Every structure is written in C-alpha cells, then in structure tokens.
Amino acid sequence: MGALESRGVLRRMSDMLELLMKRMDILARLENSTDFHKGDEARFPLDRFQPAAGLMERIQAIAQNVSDIAIKVDQILRNSLMSAKMGDGRRDQCEVPRDPKYPDCAGKVEWMRARWTSDPCYAFFGVDGTECSFLIYLSEVEWFCPPLPWRNQTVAAPSPPPPPRAQAAFRSDLARLLELVGTGKESLSFMKKRIRHLAQQWLRAARRLEQKLKGRQRDQKHILVHIGFLTEESGDVFSPRVLKGGPLGEMVQWADILAALFLLGHSLRVTVSLKELQSNLGVPPGRGNCPLTNPLPFDLIYTDYHGLQQMKQHMGLSFKKYRCRVRVIDTFGTEPAYNHEEYATLRGFRTNWGYWNLHPSQFMTMFPHTPDNSFMGFVSEELNKTERQLIKSNKVGSMAVVYGKEASIWKGKERFLAILNKYMEIHGTVYYETQRPPEVPAFVKNHGLLPQHEFQQLLRKAKLFIGFGFPYEGPAPLEAIANGCVSSQHPYAEDFIGKPHVWTVDYNNSEEFEAAIKAIMRTQVDPYLPYEYTCEGMLERIQAYIQHQDFCTATSPPPPPRAKSPAMQSPPSVLALSPNATHLVWSPSASRDPRAWPPVDSLQVWVSETRHACTETCRRHGLVCEPTFFRFLNKKEVFLQLSITCESTEYEMNHLYPAVAENVHECYLQKEPLLFSCAGHNSKYRRLCPCRDYREGQVALCRDCV
C-alpha cells in the first residue's frame, strides 16, 4: 500500500470512529439528562453532571481502539514512506540534538514518530514522517527542540515599539450589539429581548459612569465572548425551554455581560458554535493537538466551563500559553482548594468543574460567594419613583411566592407550607407537563413556569418571597427584593442587605417560623436594589476589572522600606502595627507601586479566631477579604509583628495557610500561591487574613479602586 493510500485509509477510519464516539456521547448526555429535562431546576450548570458510568466506559473503550488502530496504521504508513525514500535514493540526514536546555526533545521526537498521523494538523504544519520534519515542527511550531542550524535563521531586528492602543469610548447605541449577538436560537432571542428591554437604563448608566471617570484613558480591548453551553456540541438544552420560563439565570447574566462590554467601548466577537470558535482562534485543521496558527488575536476571552473545555481540546499548547486571558463565567464559583488539580486530588476535593489551575480571580460569579473569585453579577431592573409608588399601593399583604421550579424540592415541606397557608395565599411556579405534581399541596396556586415578564408581575404583588431547594443563589430573590418583597434563605442578601428586606429562619422550628411570618406581615418595606446590581454598578465593576486585572504578568511583593540601621540582619516588613496595636497596616515608609490594584493602602491584616474563615474575620471588622494581598503577609516576620510565637515555621500546600496552630506554637506559610484562599477554616488554626475596605454598595471594589 502506498503512502497516500495509507494516509487516506487512516483518515477515513479515524473519521468513522470519531463520528461513532460523538453519537455515543450524545446518547450519554441523553441518558444523563432524562430526569433533568423534566424540570431542570433553573440554572443548574450542565458541566457539573457526569455521564452514566456504563456509557463512559464504552466511550473510553472506543477511544482506546481508535488509538491502537491509529498506531498500527501509522506504522504501515511510516514503513511505506521509508521504502519510498529508500527507492528514490534519499536519506533522512537529521539527528535528534542533545541539548540540556531542551530535555524533552528526544521524547517528543519519539512521540512524533509513533503518532504524527494521529492528527491532520501535523501535516498542515509540514510534518511528513521524516526526522527533519519532526525537528522543524518541534523547534519552530512548538518549542521542545532547539532551532536547527541549517534552517534559515534570520537575525531578528529590534522590534519597533508597539503603536499606541486605541482608546475605548463609551457607546450610545446598542443596535450594533444586537447584530453581534446573532440569530437562530431561542436563547439568543431571549438575550436580545432583555438587552432591548433594559436599553435605556444601560445608556443612562453609561453616561453617568463616563462623567464619573472624567475622560480617563481606557485601552480598548479585543474581546471574544464564547457562550459554550449554547453550542450544539455541549447539547444546548437551554434554548428549547427558554421562552417557556426557564432556565433563565445564565442567559440573564450573559445578556448583561454583553451589554456592559459593548457600552464600555470594547471590540467584541460573539460565538455560540464550535466552528466559529475555531475560526476566531485560528485553530489549524485537525483534532486540536497543534498550537494556533497565529498569535491569539484577543486580549480577553469570556466563556463558561463548556467553552473552556472546548478551548483546551482545540488549542493544543496554545491553551497553556493563553489561558491567563480567559475569564470563566462560573455561576457558583470555584474555591482555590478545588481549582488546584494536585491539591484537590490529594485532599479528595471531588468536583466535576475544578482542577483548572487558573488564577482563582479568573472565575467570575453571579453573587460574591467568596472574594477568591471575581464578582461579575448581573442587573436587576431599576424602578423609577412612580413605579415604586405603584408597587407599594398594589401589594397584597397576604400573598407569598414560594420559589422551587422542580416538584421534588417541595417534598417534605408540608408542615412548613401548612403554617404559611394559615396566614398567606401561596403561589408557586412548579414545572409540569400534563399532571399537577402531587408534591405540591392543593392549596398552592401553581402557575407553572412563567415567562420573565409574568414572573415580575407576580413579584410586584407579593408580600413575601421564599426560596428553597436548588439553586440557592439565583437572580430571583434579588429581583423579589427589588420589587418590594421580603425575602429569605439567600446568603448574599443575608450578608449584604439584611432586615427588614431579608429574614433568615429555621424552617424546622415551627414556632420561630410562625413568629417570623407574623412579624413580616406587620413590616412595611420599600423596593430595594443594591448599587452593584444596577446597570451603573455593573459597568463600573467590569471596567475596573478590564483595566486592572492582569493574570499574564507575574507579580511580586514590592521592595521593603529602607532599613534605619545598617546593622539590621533582615529587611524590615512592608507592614506596620496599627496605632491601636490590634492589626497590621501598610507601612508609611514602604514603597507603593502606583500600578498595584487594589491599592496597597487599603490593606489591613487581622488574625482570625479558630473555626473562622478569613471572609468572616474581615466582615466582622467591616471589611472584605482581599486574596491579592496574601503575598504580603506570607512571611515569618509577620507572625512576629503580631506577637505570635512560632517554635517552628513550615512551608506547605494548604488552602488555610498562612496560619498558626497556637496550642503547639507551630506556624505555617503557603507554598503554592494558587492556594491563597479567603475561604475555609479549621478548629486547629488561626489564620492570617488580608482585609481591605470597600465602596458602599460595591463590595468588589475598594474605596480608591475605581
């Protein structure tokens, strides 16, 4: 069999097997999501489901067969190529270089010998089965081997300084954005409808922020927005259901992200298909094992876990190179202990969405669950004075909305619902197809899944909004508070809004629950919306992230202040004891990097109690934990400044460090910067916590961070 015939056989065989694997994958998703489709409790992230074990085993077996067959056919191909070369009297004169600066070169060449036909992308870059082509590829496309001396190696002229970047200018019209979003999916129609509905609020907010920034220079970024969960390859189970009322949370947030990025004046591309993603990234033809054909043309990429996985599968080594530019829209957040692959594996932190080894702030959440991630948020509709008065006058004081779209969530809540029914008419939005779910009591007026505008009208009449079940932190409770409801059981609202708008009660304590219902019925509340969930608040937050967050440049602590005496053995700390000697602050004599963000002047170092996370410790002092500052207090001398005795000091990987075990006077410093975490506590440790101030109504930003 000739070389071309062998290559054709291999490609046809691989393509057939790949098609079979895709069909098996579709079956796996169908098997996994059968129950989910019946009531997919709004906004449960699909990337946290796993296919059934049996189907996965079959898929893996097929994958192994593909690999084995590819190797065998490749051997035939290589033998054929070598025979052809010998017949033509040609020899492959290249030898694998032995250069200690490239220790992986020989191993990579061996891999290429066995697998170069496994992906057409290698042939795209000129690999033809010869040693020379392997070495050219591994030295010029990838970087595992040294440059070959006989190749044309032109001495690179000094690069001219890059031209000044275009400046971002606030936009005053959203029509172009609606074109960028595209058509063809109901989910896209929903997002465009939301953008149109809030257009005037967005435009007014953009004008206010533009005035606030007073002409400040802002670099325009080239941004790719890839909504992975809407691609056909990920299943896209959202689009068919979106116009029937749910799930809407992800699309609400994505619509708001698109509006904010566009109005801030950045250059956008929007993709909702794998083919579009590959085209925009510059993915070479093949199966994703090779780097991109050109440097990445985008400064930032906003995507989700589906999109992140697609990028990893198709960018080859370029994914590792450019992943610092990615921002992952992550509804519930990913704490550092779950993000760090080695640590999570060793400690048994099992998850279907972690192990990415990104900087934790690259994950952007719907609510500020933990300061370890960046708070992206969404927008709730702002009411004018007339609308607020109309809502107050139309409130039904004895009406409650109980939020739980899936019938199973209502199971076991009969006693709690019976108490509530004594005082209020209960309304629900439980999904069902033909028959009313038996888990929902007969006295509940069930509306089924409601379109967004009808659900808003329901909230504007209700006095009380109660959410139970999953998800605990969707947009609905915040929308209820913005429409004048009293709400409950929502962590963000409990921490940052509180009474009278938010009440937290124990459903299992009948007396406590009944007393709370009576008190709520006597309580008058006005519609309330935190600034960070307004259009202006979201614009302000995102523009600060874009201008200041940089995960591609390594950061290091600034030089310490000058020593007062040359006899000092170690440089003094950049921290100093506060005037009341309760905590540490930035030393007045320490240098300040004007580019540092957040500004170091906002730092305060407090020591937690045992069983307290840094999030709680900082909040008790009216502050928020700032993980960016951990690097300044991960030093032995900081323990001494806080009068903490350390009989021993160890560097270890632990998401609770730096910390002290006071009962044995053992101090611990963090060995892995990716594990710096505001979350987590233990009865053994008191943690060193980096705290900062924050702007009222905008917890993500310090007072001087705008």
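Reading the values: the criteria
- Residues numbered from 1 in each chain as written.
- Predicted model: local features only at pLDDT ≥ 70, side-chain atom pairs only at ≥ 80, totals over all residues.
- Heavy atoms only, no water.
- Buried < 20%, exposed > 50% of the residue type's maximum accessible area, 1.4 Å probe, protein only.
- Helix = DSSP H or I, 4+ residues; strand = E, 2+ residues; numbered from the N terminus.
- Pairing = 2+ DSSP bridges.
- Contact = heavy atoms within 4.5 Å.
- Axes fitted to C-alpha atoms, helices over the stretch in contact; angles between N-to-C directions.
- Phe/Tyr/Trp six-rings, centres within 6.5 Å; stacked < 30°, edge-to-face > 60°.
- Lys NZ or Arg CZ within 6 Å of the ring centre and 35° of its normal.
- Salt bridge = Lys/Arg side-chain N within 4 Å of Asp/Glu carboxyl O.
- Disulfide = S-S within 2.5 Å.
- Arc of directions from axis to C-beta.

Considerations on the pairing of strand 4 (residues 326-329)
Item 1. Burial along strand 4 is two-sided: V326 and V328 facing one way and R327 and I329 facing the other are all buried.
Item 2. Sheet topology places strand 3 (residues 300-303) next to strand 4; three bridges connect them, and they run parallel. Of the residues in strand 4, the one forming a bridge with T303 is V328.
Item 3. Both strand 4 and strand 5 (residues 363-365) contribute to a ladder of two bridges, which runs parallel. Each bridged residue has a counterpart across the sheet, and for I329 the counterpart in strand 5 is M364.

Observations regarding the sheet that holds strand 11 (residues 486-488)
Item 1. If you trace the six strands from one edge of the open sheet to the other, you get 9-8-7-10-11-12, paired in parallel fashion. Edge positions in the sheet fall to strand 9 (445-446) and strand 12 (502-503), since each has one partner strand and no second.
Item 2. Inspection of the sheet shows strand 8 (residues 425-428) paired to strand 9 by two bridges, in the parallel sense. Counted as the bridge partner of G428 is N446 from strand 9.
Item 3. Running at roughly 135° to strand 7 (residues 399-403), helix 18 (residues 452-461) makes contact with strand 7, strand 8 and strand 10 (464-467) of the sheet.

Digging into the packing of aromatic side chains
Remark: the centre distance and the inter-plane angle together describe each pair of aromatic rings, the angle taken between the planes.
Item 1. Scanning the model with the defined rule gives 24 aromatic pairs in all.
Item 2. With 5.4 Å between their ring centres and 45° between their planes, F367 and Y492 make a pair best called tilted. Taken together, the positions of F367 in the loop between strand 5 and strand 6 (374-375) and Y492 in helix 20 (residues 491-496) put the pair 125 residues apart, joining distant regions of the chain.
Item 3. Of the residues examined, Y492 reaches a relative accessible area of 4% and is grouped as buried.
Item 4. Grouping aromatic residues by their ring pairs yields a cluster made of F367, F375, F378, Y492, F496 and Y533.
Item 5. In this structure, K108 packs its charged tip against the face of F144, placed 4.4 Å from the ring centre.

Side note on the pattern of salt bridges
Item 1. Summed over all chains, the structure comprises 20 salt bridges.
Item 2. With its nearest N and O atoms 2.8 Å apart, the salt bridge here joins R151 to E140. In this pair, R151 is assigned in the loop between helix 5 (131-141) and helix 6 (175-181) and E140 in helix 5, connecting sequence segments 11 residues apart.
Item 3. For E140, a relative accessible area of 40% gives the class partly exposed.
Item 4. Here R692 and E626 are joined by a salt bridge, their closest N and O atoms 2.7 Å apart. Taken together, the residues span a long stretch of sequence, with R692 in strand 20 (residues 686-692) and E626 in the loop between strand 16 (624-625) and helix 24 (630-633) at a distance of 66 residues.

What to know about the state of the cysteines
Item 1. Here the structure, examined in full by the defined rule, presents nine disulfides.
Item 2. The disulfide that involves C121 links it to C290, with 2.0 Å between the sulfurs. Classification of the bridge connecting C121 and C290 rests on its S-S torsion, roughly 70°, and on that basis the disulfide is right-handed. Residue C121 is located in helix 4 (residues 120-124), and its partner C290 is located in the loop between helix 11 (274-281) and strand 3; the two are separated by 169 residues in the primary sequence. The same class applies to C121 and to C290, which are both buried.
Item 3. Between the sulfur atoms of C625 and its disulfide partner C678 the distance amounts to 2.1 Å. Taking the torsion about the S-S bond as the criterion, the C625 to C678 disulfide, at about -80°, is left-handed. Within this pair, whereas C625 is found in strand 16, its partner C678 is found in the loop between strand 19 (666-670) and strand 20, the two being separated by 53 residues in sequence.

Regarding helix 17 (residues 414-423)
Item 1. Of all the residues in helix 17, the buried ones are F416, L417, I419 and L420. All buried residues of helix 17 fall inside an arc of 160° around its axis, so they share one side. In helix 17, the exposed residues that point more than 90 degrees away from the buried face are R415 and K422.
Item 2. Packing partners of the buried residues in helix 17 comprise strand 7, strand 8, strand 10 and helix 21 (510-522).

Considerations on the environment of R207
Item 1. Checked against the element boundaries, R207 lands in helix 8 (residues 199-213).
Item 2. Here R207 falls in the partly exposed class, since its relative accessible area comes to 45%.
Item 3. With 56 residues separating them along the chain, R207 and L263 place their C-alpha atoms 9.7 Å apart.

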